[in-house]
Amino acid sequence: MQHNKVLILDFGSQYTQLIARRVRELNIYCEIHPYNKIPTTVSDYNAVILSGSPFSVRGEDAPHPDLSQIRGKKPLLAVCYGAQYLAHFSGGEVAPSNTREYGRANLSFIKKEEAFFDNINEGSQVWMSHSDTIKHLPENGILIASTRDVKNAAYRIEGEETYAIQFHPEVYHSTDGKQLLENFLVHIAGVNQDWTPQSFVEETVEELQNKLGNDKVVLGLSGGVDSSVAAVLLHKAIGKNLYCIFVNNGLLRKNEFESVLKQYEGMGLNVKGVDASKRFLDALAGIDDPEKKRKAIGNAFIEVFDDEAHQIKDVTWLAQGTIYPDVIESVSATGGPSATIKSHHNVGGLPDFMKLKVVEPLKALFKDEVRRVGATLGINPELLGRHPFPGPGLAIRILGDITAEKVRILQEVDAIFINGLREWGLYDKVWQAGAMLLPVNSVGVMGDERTYEKCVALRAVESTDGMTADWVNLPYEFLQKTSNDIINKVKGVNRVVYDISSKPPATIEWE
């Protein structure tokens, strides 16, 4: 795509993806690459950003890339570790801070004539996260901002379009972070703001038409946002040559197979529904280890999908709803590149014997961008707003072995919980919600009789990307009604609890 673009070099920061998302919010295309895999086409980028890092520039294992093709040749913004890196290796001094500088701070001094700080005032809140501090600026360094505790909070290099900041503009707590990124990228680097959902749709459709021609493509739908948006994009490009397969693995939500199929029909897609519930449940019989469950489900899906794909004559492409976080290479804790590629829903990791070429129309997008593209394509907002749902489905929300009866119980519980969130106007305030069936029975009393039945845990979290999450403080009245409805209406359950753990240290799913 012929857009201006920004290169983000990743030094292993937990915030690197946030930098990219903030840049994309400015309608500017950007890419993340590991610091030790700088693209040979660096001349094609209009600006470069150096990320933070868990490393110290003073350490023997400190990331030390060759920036000779960037420094002084491209507008450069160095964030946190990047700022320390430029100082340490260019005649400045970085030393351990007396106290760990972490959390909120305020800019107590700004060099106001700097375009870098246009529309940002003294007192602006920023987010610090570092244990080293810059004692002396590098050669030709000019101080442009300070906080009460950090003198060298921001500087620029004279004679270059190089700026460095000790704080993180990408995080929510830096209140003018987006403005600062806009000042650097748009007003200083002159990057065009032409990366929009509409431009993505137009260019991707044209690209798919050129790439696929009259070839046939098969796509495994999951009912989720990513595969649905990928399907509509492909349908717009190749029409009837797209064949969609939606497999019921018996582990979907209550009535989801039928309702999702009906929804897809209304979108004009060519979708075949395959009910393979028994095949999956048989494959899961007696398995209680979470990883073994995932593998059993993955293997069964491959078999079912392969059977169905072979019924389509002359199919040559496999489409997947892979998105950008699935394919970004990040830097591991040891400093080496580590692929963070994950299997996409059920389709990821299809074996070589399928002999299909892969097309991934969404692989340049973050999740929020996928939703915006979906809205541009006119996809139903209800589908675009669906909570994430795990690829293995309810199998990893049933702790222990899987049986048809346990699936029935959890489907009933989940339906009461999710429908209740919708009825109370809470669904869109929650990022993800679901119920867990626990492998314990507890004593209860119903109708003057002793019961010994299952316990279920309800889980609702708020998040932006699933990397971190906080539990949602749902109203007591809602929880009370939901608990009563579940116990009274779902045979086999006599106790309901609510999970108030955040991620980290817990995870969103229980398995």
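No experiment lies behind these values; they were computed from the predicted model shown. (Residues numbered from 1 in each chain as written. Predicted model: local features only at pLDDT ≥ 70, side-chain atom pairs only at ≥ 80, totals over all residues. Heavy atoms only, no water.)

### Some thoughts on the side chain of H387
Then step 1. You can see H387 is positioned in the loop between α11 (381-384) and α12 (404-423).
Then step 2. A polar side-chain atom of H387 sits 3.0 Å from the main-chain carbonyl oxygen of V430.
Then step 3. From its side chain, H387 meets the backbone nitrogen of A433 in a polar contact 3.4 Å long.
Then step 4. Excluding anything up to four places from it in sequence, H387 contacts Y427, V430, W431, Q432 and A433. (Helix = DSSP H or I, 4+ residues; strand = E, 2+ residues; numbered from the N terminus. Polar contact = N/O pair within 3.5 Å; in protein donor to acceptor, adjacent residues only side chain to side chain. Contact = heavy atoms within 4.5 Å.)

### Describing empty space enclosed by the protein
Then step 1. Following the criterion strictly, the structure yields three cavities of 30 Å³ or more and no others.
Then step 2. Counting residues per element, the ones that place at least two in the lining of the largest cavity are β6 (125-136) and α3 (177-188).
Then step 3. For the lining of the largest cavity, the class distribution of residues is seven nonpolar, four polar and one charged. (1 Å grid on protein atoms, 1.4 Å probe; cavity = no way out; pocket = protein on both sides within 12 Å on 5 of 7 lines; lining within 4 Å. Points joined across faces, edges and corners; volume = space filled by probe spheres on them. Nonpolar A, V, L, I, M, F, W, Y, C, P; charged D, E, K, R; others polar.)

### Details of the nonpolar core
Then step 1. Counting residues in hydrophobic clusters, the biggest one holds 50 residues, and the most contacted among them are V413, L421, L474 and I486.
Then step 2. Among the elements that take part in this core, α12 stands out by supplying eight residues, more than any other.
Then step 3. In this structure, I486 is in contact with V413, I416, V456, L458, V493 and V496, ignoring residues within four places of it in sequence. (Core = buried A, V, L, I, M, F, W, Y, C linked by side-chain atoms within 4.5 Å. Buried < 20%, exposed > 50% of the residue type's maximum accessible area, 1.4 Å probe, protein only.)

### So, the packing of aromatic side chains
Then step 1. Within this structure, the stated rule accounts for 17 aromatic pairs.
Then step 2. Linked through ring pairs, F11, Y35, Y81, Y85 and F89 together constitute an aromatic cluster.
Then step 3. The residue whose ring lies beneath K5 is Y45, and the NZ or CZ to ring-centre distance is 4.8 Å.
Then step 4. When the ring centre of Y427 is taken as reference, the NZ or CZ atom of R422 above it lies at 3.9 Å. (Phe/Tyr/Trp six-rings, centres within 6.5 Å; stacked < 30°, edge-to-face > 60°. Lys NZ or Arg CZ within 6 Å of the ring centre and 35° of its normal.)

### Concerning unusual backbone geometry
Then step 1. Note that the residue after K503, namely P504, is joined by a cis bond; omega there is -15 degrees.
Then step 2. You can see P504 is positioned in the segment after β20 (493-498).
Then step 3. With phi around 60 degrees, N255 is a residue other than glycine that occupies positive phi space.
Then step 4. With respect to the helices and strands, the residue N255 is situated in the loop between β11 (242-248) and α6 (256-265).

### Brief notes about the pairing of strand β2 (residues 29-34)
Then step 1. Judged by how many residues are buried, β2 sits mostly within the fold: five of six residues are covered.
Then step 2. Relative to β2, strand β1 (residues 5-10) runs parallel, the two sharing six bridges. Among the inter-strand pairings, V6 is bridged to a residue of β2, identified as C30.
Then step 3. On the question of chirality, the crossover connecting β1 to the parallel β2 by way of helix α1 (residues 16-25) is right-handed. (Pairing = 2+ DSSP bridges. Right-handed = clockwise from strand over helix to strand, strands pointing away.)

### Examining the packing of helix α5 (residues 225-238) against helix α10 (residues 367-376)
Then step 1. Closest axis-to-axis distance for the α5/α10 pair is 10 Å, and the angle between their directions is 45 degrees. Here α5 is positioned oblique relative to α10, judged by the angle of their axes. Between α5 and α10 the crossing geometry is left-handed. Together, V225, D226 and V229 of α5 and K367, V370, R371, V373 and G374 of α10 make up the contact between the two elements.
Then step 2. Of the residues in the contact of α5 with α10, the class split is four nonpolar, one polar and three charged. (Axes fitted to C-alpha atoms, helices over the stretch in contact; angles between N-to-C directions. Parallel < 35°, antiparallel > 145°, perpendicular 65-115°, else oblique. Left-handed = near helix turned anticlockwise from the far one by under 90°.)

### Side note on α10
At 3.6 residues per turn, the α-helix brings residues three or four places apart onto the same side.
Then step 1. Restricting attention to buried positions, one finds in α10 the residues E369, V370, V373 and G374. Mapping the buried residues of α10 onto a view down its axis gives an arc of 145 degrees, with all of them on the same face.
Then step 2. Taken together, the buried residues of α10 touch α1, α4 (197-212), α5 and α11.
Then step 3. One or two residues past the end of α10 sits G378, with phi positive at roughly 80 degrees. (Arc of directions from axis to C-beta.)

### So, the sheet that holds strand β16 (residues 357-359)
Then step 1. Here we have five strands laid out as an open sheet, ordered β12-β11-β10-β13-β16, and parallel in their pairing. The sheet is open, and its two edges are formed by β12 (271-275) and β16, each paired on a single side. Taking each pair of neighbouring strands and ignoring which way they run, the sheet shows an average axis angle of 30 degrees.
Then step 2. Of the strand pairs in this sheet, strand β10 (residues 216-221) and β11 are connected by five bridges, and their pairing is parallel. By the bridge assignment for β11, G220 is matched with I245.
Then step 3. Packing against the sheet, α4 makes contact with β10, β13 (315-319) and β16, and its axis sits at approximately 170 degrees to β16.

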